[in-house]
There are 2 protein chains.
Amino acid sequence: MSMFVAPRIAIIGAGETGCGWATLIAAAGWPVALYDANTAAAEEARDHINDRVRRLVRLGLATDEEVARGLEQFRIGRSLLQAVNDADWIIEAGPEDLTVKQRLLEQVEHVARLAAVVSSSSSSLHASDLCARLRRPDRLLVAHPLRPVELIPVVEIVPGPLTAPTCVEDVRFWLRRLGRAPIVLQKEVKGNIIGRISAAVWRECIGLVLEGAISVEDLDRAVSMGPALAWSAGGPHLTHYLSARGRAPSMYLNTMLGQHEDLWESLATWTKLETEDQHKLIRAIERAYEEDSNALLAARDSRLVAVLNAMKRS
Amino acid sequence: MSMFVAPRIAIIGAGETGCGWATLIAAAGWPVALYDANTAAAEEARDHINDRVRRLVRLGLATDEEVARGLEQFRIGRSLLQAVNDADWIIEAGPEDLTVKQRLLEQVEHVARLAAVVSSSSSSLHASDLCARLRRPDRLLVAHPLRPVELIPVVEIVPGPLTAPTCVEDVRFWLRRLGRAPIVLQKEVKGNIIGRISAAVWRECIGLVLEGAISVEDLDRAVSMGPALAWSAGGPHLTHYLSARGRAPSMYLNTMLGQHEDLWESLATWTKLETEDQHKLIRAIERAYEEDSNALLAARDSRLVAVLNAMKRS
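Parameters at a glance
Residues numbered from 1 in each chain as written. Chains lettered and ligands numbered in written order. Predicted model: local features only at pLDDT ≥ 70, side-chain atom pairs only at ≥ 80, totals over all residues. Axes fitted to C-alpha atoms, helices over the stretch in contact; angles between N-to-C directions. Helix = DSSP H or I, 4+ residues; strand = E, 2+ residues; numbered from the N terminus. Parallel < 35°, antiparallel > 145°, perpendicular 65-115°, else oblique. Left-handed = near helix turned anticlockwise from the far one by under 90°. Contact = placed C-beta atoms within 7 Å. Nonpolar A, V, L, I, M, F, W, Y, C, P; charged D, E, K, R; others polar. Buried ≥ 20, exposed ≤ 12 C-beta atoms within 10 Å, placed from the backbone. Pairing = 2+ DSSP bridges. Right-handed = clockwise from strand over helix to strand, strands pointing away. Domains from an automatic or database assignment. Least-squares fit on C-alpha atoms with pLDDT ≥ 70 in both. Core = buried A, V, L, I, M, F, W, Y, C linked by C-beta atoms within 7 Å. Expected span 1.5 Å × (residues − 1).

This next bit is on the packing of helix H2 (residues 39-58) of chain A against helix H3 (residues 64-73) of chain A. Residues and elements named next belong to chain A. The geometry of H2 relative to H3 is characterised by a closest axis approach of 9 Å and an angle of 165 degrees between their N-to-C directions. With respect to H3, the axis of H2 lies roughly antiparallel. Along this stretch, H2 crosses H3, giving a crossing that reads as right-handed. Taking contact as the criterion, the partners of Asn50, Val53, Arg54 and Val57 in H2 are, on H3, Asp64, Val67, Gly70 and Leu71. Class assignment of the residues belonging to the contact of H2 with H3 gives a composition of 4 nonpolar, 2 polar and 2 charged.

What follows covers the pairing of strand S1 (residues 9-12) of chain B. All names here are of chain B. Residues Ile9 and Ile11 of S1 are buried on one face, and the alternating residues Ala10 and Ile12, pointing to the opposite face, are buried as well. In the sheet, S1 pairs with strand S2 (residues 32-35) via 4 bridges, with the strands oriented parallel. Paired with Ala10 across the strands is Ala33, a residue of S2. For the segment spanning S1, helix H1 (residues 16-27) and S2, crossover handedness is right-handed. Pairing of S1 with strand S4 (residues 89-92), which is carried by 4 bridges, proceeds in the parallel orientation. In the strand pairing of S4, Ala10 is matched with Ile90.

Let us look at the sheet that holds strand S8 (residues 181-184) of chain A. Overall, mixed pairing links the 8 strands, which are arranged S3-S2-S1-S4-S5-S6-S7-S8 (chain A) in an open sheet. Single-partner strands in this sheet number two, and they are strand S3 (75-76) and S8 of chain A. Its contacts with the sheet put helix H9 (residues 216-224) of chain B on strand S7 (154-159) and S8 of chain A, and the angle it makes with S8(A) is roughly 140 degrees.

It is worth spelling out the environment of B:Asn85 at this point. Relative to the helices and strands, B:Asn85 is located in the loop between helix H4 (80-84) and S4. Each C-alpha atom of the pair B:Asn85 and B:Leu296 lies 41 Å from the other, and the pair is 211 residues apart in sequence.

This brings us to the environment of B:Glu286. All names here are of chain B. With respect to the helices and strands, the residue Glu286 is situated in helix H13 (residues 275-289). For Glu286, a count of 14 C-beta atoms within 10 Å translates into the label partly exposed. As for Glu286 and His240, which are separated by 46 residues in sequence, their C-alpha atoms are 35 Å apart.

Before going further, it helps to spend a moment on the domain arrangement of chain A. Residues and elements named next belong to chain A. Its domain assignment divides chain A into domain 1 (9-184) and domain 2 (194-313). Between domain 1 and domain 2, the C-alpha centre-to-centre distance is 30 Å. The partner domain 2 presents 6 residues to the 8 residues of domain 1 that form the contact. When grouped by side-chain class, the residues that make up the side of domain 1 that touches domain 2 number 4 nonpolar, 3 polar and 1 charged.

Another aspect to go through is the relation of the copies chain A and chain B. Placing chain A over chain B gives an RMSD of 0.0 Å and needs a rotation angle of 180 degrees, together with 0.0 Å of translation along the axis. The operation mapping one copy onto its partner corresponds to a two-fold rotation axis. For chain A, the minimum C-alpha distance to the rotation axis belongs to A:Ala228 and amounts to 2.3 Å. When the interface residues of chain A are mapped onto chain B, 100% of them again fall at the interface, so both copies present the same face.

Each partner contributes residues to the interface: chain A has 96 residues there, and chain B has 96 residues. By residue class, the composition of the side of chain A that touches chain B is 53 nonpolar, 24 polar and 19 charged.

Turning our attention to the sheet that holds strand S7 (residues 154-159) of chain B. Within the open sheet, the 8 strands sit side by side as S3-S2-S1-S4-S5-S6-S7-S8 (chain B). Their pairing is mixed. Edge positions in the sheet fall to strand S3 (75-76) and strand S8 (181-184) of chain B, since each has one partner strand and no second. Sheet topology places S4(B) next to strand S5 (residues 117-120) of chain B; 4 bridges connect them, and they run parallel. Within S5(B), the position partnered with B:Glu92 by the bridge is B:Ser120. Of the strands in this sheet, S7 and S8 of chain B are in contact with helix H9 (residues 216-224) of chain A, which crosses S8(B) at around 140 degrees.

Another point: the nonpolar core. Counting residues in each nonpolar core, the largest one holds 200 residues, and the members touching the most others are A:Ile90 and B:Ile90. When residues no more than four places from it in sequence are discounted, the contact partners of A:Ile90 are A:Ala10, A:Ile12, A:Val84, A:Val108, A:Ala112, A:Ala116 and A:Val118.

Turning next to helix H1 (residues 16-27) of chain A. All names here are of chain A. The terminal C-alpha atoms of H1, which comprises 12 residues, lie 16 Å apart, in line with the 16 Å expected from a rise of 1.5 Å per residue. For H1, the buried fraction is high: 11 of the 12 residues fall into the buried class. Looking one or two residues past H1, Gly29 carries a phi angle of roughly 85 degrees, positive in sign.

Residue and element names in this part refer to chain A. A cis amide bond links Arg147 to the next residue, Pro148, at an omega of -5 degrees. Its place among the elements puts Pro148 in the loop between strand S6 (140-145) and S7. Positive phi outside glycine occurs at Asn192, with the angle close to 55 degrees. Relative to the helices and strands, Asn192 resides in helix H8 (residues 192-210). With 25 C-beta atoms packed within 10 Å, Asn192 lands in the buried category.

Shown next as structure tokens:
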């Protein structure tokens, strides 16, 4: 029987995503080094990550023992070289800018082990572009988490055409060990899966508010207490499949698609929101959420944690 | 202090939606009469509703005491007159066909008390059309639940231009007492709120599978383990608001909208799926879910109940 040995992980970038990754990984008891060219930001991240990791224990999502081991092994890299040179997995979490990321990944490659796997956390850039300055593009892939990284389980893995399958398998394996739900895309598409679905939802949600059909907070409540609950238990395709109560897709799909034609015809398709509509939307959001945003955040996070715990148990 | 007196409720239609309403209401201990022109269907519904109500007790979503009271008062109406004549709230749950519903509502009006409120469960028809044959269109509104009615909390209340505000208030009040999350639309829009958002999601989900970007089950998992969880804790507008970490909408919205323009430009906009694509989609769904659909349904429901319980507690 082979014992699992946790990979040594380096995270480049101490912003929200980098700190989220560090929280997740340290809370699992795995060794992490965090590096940011802005040394002050990196040093500040230490306390922030410490707090976030301990919060996971309070929330019942991590154990004291693993957290103690993780925090003991957590370090801030004094240089890129020092952070990266012994890492098995390097997570790039820099600014969402192609040129910046390309240069950063090139620097990483100079100091990383040949066998290291490099994943970019980019939500919108793809490995096929990110690898432009690399000699070893086969070691690079995108692994895009949602925020907060330590809470939302899904991670979109997007290999580029040159990515080595073993790198995909390694990252998928590690993510599963971290309790994540990695999803491997079969090709690079703009916005990946989640970005596209979220954009479709957001556009319609904006349109409904601007049309005066519903207030911002009622719309949010409708989604929360309705389709979001249904989809958290079974995604959109499964929901339709199950609502057909055992009939084969060939039996229900045609009818269901036909019923949707008029509706699809009527959905929002604009791609740019005029200034006047922007102001209208801003006022509607302010009216809905003018209360303390820290209180809204705390309430949201407590609902999220309750749901995550429920999913874990079921 | 005034005691709450449960309304007497009549449900017309013993299909999935009618049985769902009956389950919800009987489980709360309120008196319900169920009527269906097909007497055999109505009689069969009795056992079915009994089972579903008792299941809510097992799931921790209803108490023995309330359920006993509700089932004791539950009856199958021998005629429309007998079911409806003493009802305070009449829930129409007939077939989704405008002419059929118009005639049914006309018949209901003939035998109902003048003070009764009538709600249609229609997902796609509006009170302004449904009331065509009524002398008292002010007593009619749409109250559209999702399925399973006794589990998913949201109910879309859609008044027509003629609906009396007191009817809206009564139905909203009763739904809240039943533990529902009623949302009142400010105007009639095609597909209401949830139908439109779900249609936008489904179109993009179909497009992504047909494009070969992801498999059906991975897409479902991505939504379940990602945005659906996030949205169940805070709807789409709130999610964006909170991700801006305390900045005012006027500060983040313009940037965020700008970042979405290309993505919106690239989303699926077709309204009709060609036969060849339908076959491709059917095969993809079959490949994903060829296993026992009862097992899939049971697993989905158990996740859903776990999440609902978590939401209730948090």
